[in-house]
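Examining the three-dimensional arrangement
Spelled out, the chains give:
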Amino acid sequence: MSDEKAVALTVLSKTVWSDNLFSFTTTRPDGFRFEAGQFARLGMNPSQLVANQGKAICDERIFRAYSIASSPYDEHLEFFSVVVPDGAFTSQLQHLQVGDPLYLNPEPFGFLTLSRYQEPTPNDLWLLATGTGLAPFLSMLGDLDTWQNYTDIVLAYSARTETELAYVDKIKALHEQFANLIDNPARLHFVPIITRQAVEGCLHHRIPALIDSNQLQTHIGLALNPDTSHVMLCGNPDMVEDTKEALKNQGLTMNRRGVGNIAVENYW
């Protein structure tokens, strides 16, 4: 569907996590449906932002792909963004205020979804993220089916510094939230990773190195298994490529036509 069919949104809230990371919520258009893990085409006209009123600035809509961080069942939409200083989109988006207008292409995109898996059957789910690559996994963890269908869920979330590790309180509350709704929910293993600081309670190396050394698996007490593991990757391209190789070294395979362990979303 063309971006010309985009519908209007209104910004409801904004959270600043660090100098270069923020998230925001918007209204959700009637009839907009998506599957946890999908992304949307989000649009903005810089001249319409309150922060830009009275400025001579771009007066046209700009669209970019954004993973949806909210649950498919939430009444609002949530997005997680990094600030690219020279980016035409995020350099303006960072100035969002409550009430600002945005635009949404009403067709969701992407195949980083749990429904893509046919073999192996659900058992242990590994969600490996850097930075804003956390967004689709937050959406999955907000879906009751995820907690019902898996025995163990691993969320390994890597950031450069402690201030860039967002949503930690929400992540820690998720298991308790869903334990109150269903019997025998999946066990959540949350592994925060800080690569440029030594922080107590966090691992300190890149995700592919942690897998190659088996440090991640040992830390959790769970093995990566070609017969049981579903593994999803989202984040910077270097992490994704290096982690794919580390996983293949563990005997895992790319998921193709529903069969295989490793799933990746490429929209950078």
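One can find the structure itself at the top, above this paragraph.
Residues numbered from 1 in each chain as written. Predicted model: local features only at pLDDT ≥ 70, side-chain atom pairs only at ≥ 80, totals over all residues. Heavy atoms only, no water.

1. Digging into the side chain of Glu164
Where we set the bar: Labels follow the DSSP assignment, with helices taken as runs of H or I lasting at least four residues and strands as runs of E lasting at least two, numbered in each case from the N terminus. Under this definition, polar contacts are N or O atom pairs within 3.5 Å; protein pairs additionally need one hydrogen-donor-capable and one acceptor-capable atom, and for neighbouring residues in sequence, both atoms have to be side-chain atoms. Note on contacts: a residue pair is in contact if any heavy atoms of the two residues lie within 4.5 Å.
Note on placement: Glu164 falls in the loop between strand E8 (152-159) and helix H4 (168-179). Among the polar contacts listed, one links the side chain of Glu164 to the side chain of Arg160, at a separation of 2.6 Å. Those residues in contact with Glu164, other than ones at most four positions away along the chain, are Ser18, Asn20, Leu21, Tyr157 and Ala159.

2. A closer look at unusual backbone geometry
Glycine aside, residues mostly have negative phi angles, and peptide bonds mostly take the trans form. The peptide bond linking Glu119 to Pro120 adopts the cis configuration, its omega dihedral lying at -5°. Structurally, Pro120 can be placed in the loop between strand E6 (101-104) and strand E7 (124-130). One non-glycine residue, Asn184, lies in positive phi territory at about 55°. Looking at the element boundaries, Asn184 is found in the loop between H4 and strand E9 (187-194).

3. Section: the packing of aromatic side chains
In plain terms, the rule: Here a Phe, Tyr or Trp ring, Trp counted by its six-membered ring, pairs with any other such ring whose centre lies within 6.5 Å, and the pair is stacked when the planes are under 30 degrees apart, edge-to-face when over 60, and tilted otherwise. We call a residue buried when its accessible area falls under 20% of the maximum for its residue type, exposed when it is over 50%, and partly exposed in between, using a 1.4 Å probe and counting protein chains only. The rule is short: NZ of Lys or CZ of Arg within 6 Å of the ring centre and within 35 degrees of the ring normal puts a charge over the ring.
Inspection of every chain in the model, using the stated rule, returns nine aromatic pairs. On the basis of an interplanar angle of 25° and a centroid distance of 6.0 Å, the ring pair of Phe22 and Phe24 is categorised as stacked. Like Phe22, the residue Phe24 is buried in the burial classification. Positioned above the aromatic ring of Phe22 is the side chain of Lys14, whose terminal nitrogen or guanidinium carbon lies 5.5 Å from the ring centre. Over the face of the ring belonging to Tyr103 we find Arg61, whose NZ or CZ atom lies 3.6 Å from the ring centre.

4. Topic: the environment of Asp19
Structurally, the position occupied by Asp19 is in the loop between strand E1 (7-18) and strand E2 (21-27). In the structure, Asp19 is positioned 24 residues away from Gly43 in sequence and 22 Å away in space, judged by C-alpha atoms.

5. Looking at the pattern of salt bridges
What counts here: Salt-bridge detection follows one rule: a side-chain nitrogen of Lys or Arg within 4 Å of a carboxyl oxygen of Asp or Glu.
Taken as a whole and assessed by the stated rule, the structure comprises six salt bridges. Between Arg160 and Glu164 there is a salt bridge, with the nearest N and O atoms lying 2.6 Å from each other. Judged by its relative accessible area of 34%, Arg160 falls in the partly exposed class. With a closest N to O distance of 3.3 Å, Glu241 and Lys244 form a salt bridge. Of this pair, Glu241 and Lys244 both sit in helix H7 (residues 237-249), three residues apart, which is roughly one turn of the helix.

6. Looking at the nonpolar core
Short version of the rule: As used in this record, nonpolar core signifies buried Ala, Val, Leu, Ile, Met, Phe, Trp, Tyr and Cys residues forming a set joined through side-chain atoms within 4.5 Å.
Judged by nonpolar contacts, the single largest core of 38 residues is most densely connected at Leu127, Leu134, Phe137 and Met232. Counting residues per element, the ones that place at least two in this core are E7, helix H2 (135-141), E8, H4, E9 and strand E10 (229-234). With five residues, H2 is the single largest residue contributor to this core. When sequence neighbours within four positions are dropped, the list of residues in contact with Leu127 reads Phe137, Met140, Leu141, Ile153, Val154, Leu155, Ala156 and Met232. Ranked by size, the runner-up nonpolar core spans 23 residues in total, among them Trp126, Val154, Ile220 and Leu247.

7. Observations regarding H7
Rules: Helix span, expected: 1.5 Å multiplied by one less than the number of residues in the helix. Picture the helix axis, draw a direction to every C-beta atom, and the arc is the one those directions span.
Compared with the 18 Å implied by 1.5 Å per residue over 13 residues, the 19 Å span of H7 between its first and last C-alpha is a close match. Of all the residues in H7, the buried ones are Met239, Val240, Thr243, Lys244, Ala246 and Leu247. Axial view of H7: buried residues confined to an arc of 165°, hence all on one face. Projecting away from the buried face of H7 at angles above 90 degrees are the exposed residues Asp238 and Asn249. Against the buried residues of H7 lie E7, helix H5 (207-212), E10 and strand E11 (262-264). For H7, the N-terminal cap is Asn236; the gap from its side-chain oxygen to the backbone nitrogen of Asp238 is 3.1 Å. Positive backbone phi, at 95°, marks Gly251, one or two positions downstream of H7.

8. A word on the sheet that holds E9
Put simply, the rule reads: Pairing between strands is defined by DSSP: at least two bridges between them are needed. All axes here are fitted lines through C-alpha atoms, helices being fitted over the stretch that makes contact, and every angle between N-to-C directions spans 0 to 180 degrees.
Pairing is parallel in the open sheet, where five strands are placed in the order E9-E8-E7-E10-E11. In the strand order of this sheet, the two ends are held by E9 and E11, each with one partner. Averaged over all pairs of adjacent strands, the angle between their axes in this sheet comes to 15°, without regard to strand direction. Pairing of E10 with E11, which is carried by three bridges, proceeds in the parallel orientation. Counted as the bridge partner of Met232 is Ala263 from E11. Running over the sheet, H4 touches E8 and E9 and is turned about 165° from E9. Relative to E10, H7 is tilted by about 160°, and along the sheet it contacts E7, E10 and E11.

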